[in-house]
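Residue-level structure breakdown
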Amino acid sequence: MQILQGKNIVLGITGGIAAYKMPELVRRLIDQGANVRVVMTDSAKAFITPLTLQAVSGNSVSDTLLDTEAERAMGHIELAKWADLLLIAPASANTIANIAHGLASDLLGTLVLATNATIAAAPAMNQQMWHAEVTQENIQKLANRNIHIWGPAQGEQACGDVGFGRLIEVPEIVEHVCSLYQEKNLANQHWVITAGPTREAIDPVRYISNHSSGKMGYAIAQAAVNAGAKVTLISGPVNLSKPASVDLINVTSAEQMHQQAMIHANGADVFVACAAVADYRVAEIATQKIKKTADNQQMQINLVKNPDIVADVAAQKNKPFTVGFAAETQDVEQYALDKLKRKNLDLIAANNVALSGQGFNSDKNALTVFSTSSQQEIILMNKSDVAKKLVTIIAEQMDEKV
Ligand code: PMT
């Protein structure tokens, strides 16, 4: 059976150049068995015609709240009730702002308020608009209401800028939609995941950190949620939206991450340590900004060892199935296997971070996953796909252990 068989999807198209990709999205959703009805904002119609979307969806397109004919039967409420999923793509900065503030000034805004369906938005806009503080606040509001945020992707934009703001590709959107309805084989499991870097303060304005973006850990959190797990994500400072349906705990330093991990991993089923934790912190944090002096050509900072979070979780009496990462630049297998044993882990995902195009702050990754008796390769692919494969491997290895 197709995964979206019988699922009713309302596709809300807003004004953006990526609207031209929506007929293809409608087709691919129908290929998976979905029934699709399209709603367009006024600006969307400047980029693509309702007639095109009517032709590909096989349903008439709704484009106004004040349609006397449709509203005779309370069309907007009927659509809101019909939908299993309200998917907004491309979601413009304007529509995101309207939704964040609960505006019902057009049909799409009204549907968002009137529906009980799952809601997802795939943002697309200029990179500067995406990074604007107010847009990020609005996105956070949506995420806090458990609206799924898919993307945006990074790359060249229609306006010539390069950066975050591109609509994610159509197959990726379809995959996200399908993942909402995949079998939830991790139901009743609690996963705790660490992600991102830690920051170790030197003085009030400086810190020691690393290049972790959090993308890998957040992708694992999303994949585990999609597979039905309850997920607690303990995250260092990153520039990413909260994955929908994840309990997010923000921390800054390794000590804070350690404290939260020890609380939440206690009694959890799985602990995945994806964070790039600083091994050392500054022994004495200066209370005032350290000043440069004319005669000091050098300065020393004393460092002390941070607690080893994953090792401490794995040392607990009732330890969860514990998965570490090993970011290595040489002798990857040897160092990874050493960490697997020394930290008492069930699995370790080895990351060759010397190779370009993967690892820290990249959209892609490749891993070799070791247990004491097995080795599995996850070849170079998008972090969301790597995460799905890793989650599957973890689930299989847990089954074998039982
Ligand atoms: O965040 P991204 O930009 O997406 O990049 C992903 C990643 C490269 C950060 C990720 O894939 C990765 O490899 N994470 C582990 C990075 C790391 O710090 O590795 P490590 O070899 O130094 O640490 C080994 C393991 O011990 C890791 O699971 C780490 O989380 C854990 N650790 C380390 C030190 C410490 N004090 N406490 C820990 O729990």
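Rules used throughout
Residues numbered from 1 in each chain as written. Predicted model: local features only at pLDDT ≥ 70, side-chain atom pairs only at ≥ 80, totals over all residues. Heavy atoms only, no water. Helix = DSSP H or I, 4+ residues; strand = E, 2+ residues; numbered from the N terminus. Rg over C-alpha atoms; globule rule 2.2 N^0.38 Å. Buried < 20%, exposed > 50% of the residue type's maximum accessible area, 1.4 Å probe, protein only. Contact = heavy atoms within 4.5 Å. Areas by Shrake-Rupley, 256 points an atom, 1.4 Å probe, with all protein chains shown as cover. Lys, Arg positive; Asp, Glu negative; His and termini not counted. Charge placed at Lys NZ, Arg CZ, Asp CG, Glu CD. Salt bridge = Lys/Arg side-chain N within 4 Å of Asp/Glu carboxyl O. Core = buried A, V, L, I, M, F, W, Y, C linked by side-chain atoms within 4.5 Å. Phe/Tyr/Trp six-rings, centres within 6.5 Å; stacked < 30°, edge-to-face > 60°. Lys NZ or Arg CZ within 6 Å of the ring centre and 35° of its normal. Domains from an automatic or database assignment. Buried area = accessible area lost by both parts, 1.4 Å probe. Polar contact = N/O pair within 3.5 Å; in protein donor to acceptor, adjacent residues only side chain to side chain. Patch = residues over 30% accessible without salt bridge, like charges linked within 9 Å, V, L, I, M, F, W, Y side chains within 5 Å.

1. Description of the overall build of the protein
- A count of helices and strands for the protein gives 14 helices and 19 strands.
- The globule rule puts the C-alpha radius of gyration for 402 residues at 21 Å, and the 23 Å found for the protein is close to it.
- A principal-axis box enclosing the C-alpha atoms of the protein has dimensions of 75 × 60 × 35 Å.
- Within the protein, the fraction of its 402 residues that count as buried is 50%.
- Across the protein, every contact between residues at least 6 apart in sequence was considered, and the portion connecting residues at least 24 apart equals 68%.
- In the form shown here, the protein has an accessible surface area of approximately 19400 Å², with 48% of it arising from carbon and sulfur atoms.
- Across the protein, the centroid of the 33 positively charged side chains sits 3 Å from that of the 39 negatively charged ones.

2. Digging into the pattern of salt bridges
- Under the criterion given, the structure shown has 16 salt bridges.
- Here E175 and K388 are joined by a salt bridge, their closest N and O atoms 2.0 Å apart. Of the two residues, E175 is situated in helix α9 (residues 170–180) and K388 in helix α14 (residues 383–401); the sequence distance between them amounts to 213 residues.
- Close ionic contact of K230 with D247 constitutes a salt bridge, the shortest N to O distance being 3.3 Å. One end of the pair, K230, is in strand β11 (residues 230–235); the other, D247, is in strand β12 (residues 246–250), with 17 residues separating them in the sequence.
- With a relative accessible area of 39%, D247 lands in the partly exposed category.

3. Some details on the environment of I393
- Looking at the element boundaries, I393 is found in helix α14.
- Sequence spacing of I393 and I378 is 15 residues, and the spatial spacing of their C-alpha atoms is 9.9 Å.
- Beyond its immediate stretch of four places on either side in the chain, I393 contacts L347, V369, Q376 and I378.

4. What to know about the nonpolar core
- Judged by nonpolar contacts, the single largest core of 37 residues is most densely connected at W191, I220, V231, V272, F325 and I394.
- When near neighbours in sequence (up to four residues on either side) are disregarded, V231 contacts W191, I193, A221, A224, V225, V246 and D247.
- Core analysis: the second largest hydrophobic core is formed by 34 residues, I9, A18, V26 and W150 among them.

5. Some thoughts on the packing of aromatic side chains
- Under the definition given, this model contains 0 aromatic pairs.
- It is R37 that lies over the ring of W82; its NZ or CZ is 4.8 Å from the centre.

6. As for the domain arrangement of the protein
- Domain assignment breaks the protein into domain 1 (8–181) and domain 2 (190–401).
- With centres defined by C-alpha atoms, the gap from domain 1 to domain 2 works out at 34 Å.
- Between domain 1 and domain 2, the residue contacts involve 13 residues of the former and 12 residues of the latter.
- Summed over both partners, the interface of domain 1 with domain 2 comes to about 1000 Å²; 40% of that surface belongs to carbon and sulfur atoms.
- Its largest share of buried area at the contact with domain 2, domain 1 owes to H148, E175 and S179, together 32% of the area lost on that side.
- Where domain 1 packs against domain 2, one counts 1 salt bridge.
- The tally of links between domain 1 and domain 2 comes to 3 residue pairs in polar contact (both at pLDDT 80 or more).

7. Some points on a nonpolar patch on the surface
- A cluster of nonpolar residues, Y280, M299, I301 and L303, forms a patch on the protein surface that exposes about 380 Å² of accessible area.
- With respect to the secondary-structure elements, M299 resides in the loop between β14 (280–282) and β15 (303–305).

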